[in-house]
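# A look at the structure
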Amino acid sequence: MTSILVLLGSIRTVSNGEHLYRYLANNADRYTDLTHTEFQFKNLRDYQLTGFDEPLPPLANKNRQLAPNTKRWLADLGAADGYLIMTPEYDHTMPGALKNALDYVADEFMGKPAKVLTYANNSRGGRLGGIGLLAPLSRLGAFTLPAQIAVPNVDQYFNESGVLDVSSDGADAVVRHLDKAIRELAFYTELLKNHPFN
């Protein structure tokens, strides 16, 4: 079975992204039934990565000396076949902590599909954060799916436990968009796993 890593790319202890992240985790079994794909859920905050400070770029450093938490970060990335990366928008780009985490990456993303999911407590849905994320993902060799998905007004749709307020205007559309994004990512994840480009 293919495996998709769902990553919450914010390290804030109070985050609207946590609500959406918990909704996705709460629905993992339904997504597995929908796509025949296994989903792993990881919060970037749990890795406690320090600022990247290696003497060489990761791909050029054959003798990397990594802390256990950094090894775990890279191992979790490497074990996945595809990625759903959640990011808010900070000053019109992705959070610095997420960029720092990507700076540690060598070839873990290479040739694997990645879908960007943005969110915000406004009508724009954090789209510029996703645009900022596309360039480093592409540089790291990920097959970035062209259409990111944005969830606007996330605090109105999901509570702290990740429960969707079905009475909210547009709640059905949010569910449909999330389901479509998951199905698309699962399709390309299976496709590229079974037909890798060499």
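Residues numbered from 1 in each chain as written. Predicted model: local features only at pLDDT ≥ 70, side-chain atom pairs only at ≥ 80, totals over all residues. Heavy atoms only, no water.

For the protein, an unreviewed UniProt entry supplies the name NADPH-dependent FMN reductase and the organism Levilactobacillus bambusae.

Moving on, we come to the overall build of the protein. Tallying secondary structure elements over the protein gives seven helices and six strands in all. Along the protein, helices and strands appear, N-terminal first, in the series β-α-α-β-α-β-α-β-α-β-β-α-α. The C-alpha atoms of the protein give 16 Å as radius of gyration, which agrees with the globular expectation for 198 residues (16 Å, within 12%). Taken along the three principal axes of its C-alpha coordinates, the protein extends 55 × 35 × 25 Å. Computed over 19 positive and 22 negative side-chain charges, the separation of the two mean positions in the protein equals 4 Å. (Helix = DSSP H or I, 4+ residues; strand = E, 2+ residues; numbered from the N terminus. Rg over C-alpha atoms; globule rule 2.2 N^0.38 Å. Lys, Arg positive; Asp, Glu negative; His and termini not counted. Charge placed at Lys NZ, Arg CZ, Asp CG, Glu CD.)

Restricting attention to buried positions, one finds in helix α1 (residues 16–26) the residues Gly17, Glu18, His19, Leu20, Tyr21, Tyr23 and Leu24. The backbone nitrogen of Gly17 has a side-chain oxygen 3.0 Å away, supplied by the residue at the start of α1, namely Ser15. (Buried < 20%, exposed > 50% of the residue type's maximum accessible area, 1.4 Å probe, protein only. Polar contact = N/O pair within 3.5 Å; in protein donor to acceptor, adjacent residues only side chain to side chain.)

We now examine the side chain of Lys112. Its place among the elements puts Lys112 in the loop between α4 (96–103) and β4 (113–119). Comment: no salt bridge for buried Lys112; closest opposite-charge side chain is Asp81, at 5.6 Å. Residue contacts for Lys112: discarding those within four places in its chain leaves Leu77, Gly78, Ala80, Asp81, Tyr83, Gly141, Ala142 and Phe143. (Salt bridge = Lys/Arg side-chain N within 4 Å of Asp/Glu carboxyl O. Contact = heavy atoms within 4.5 Å.)

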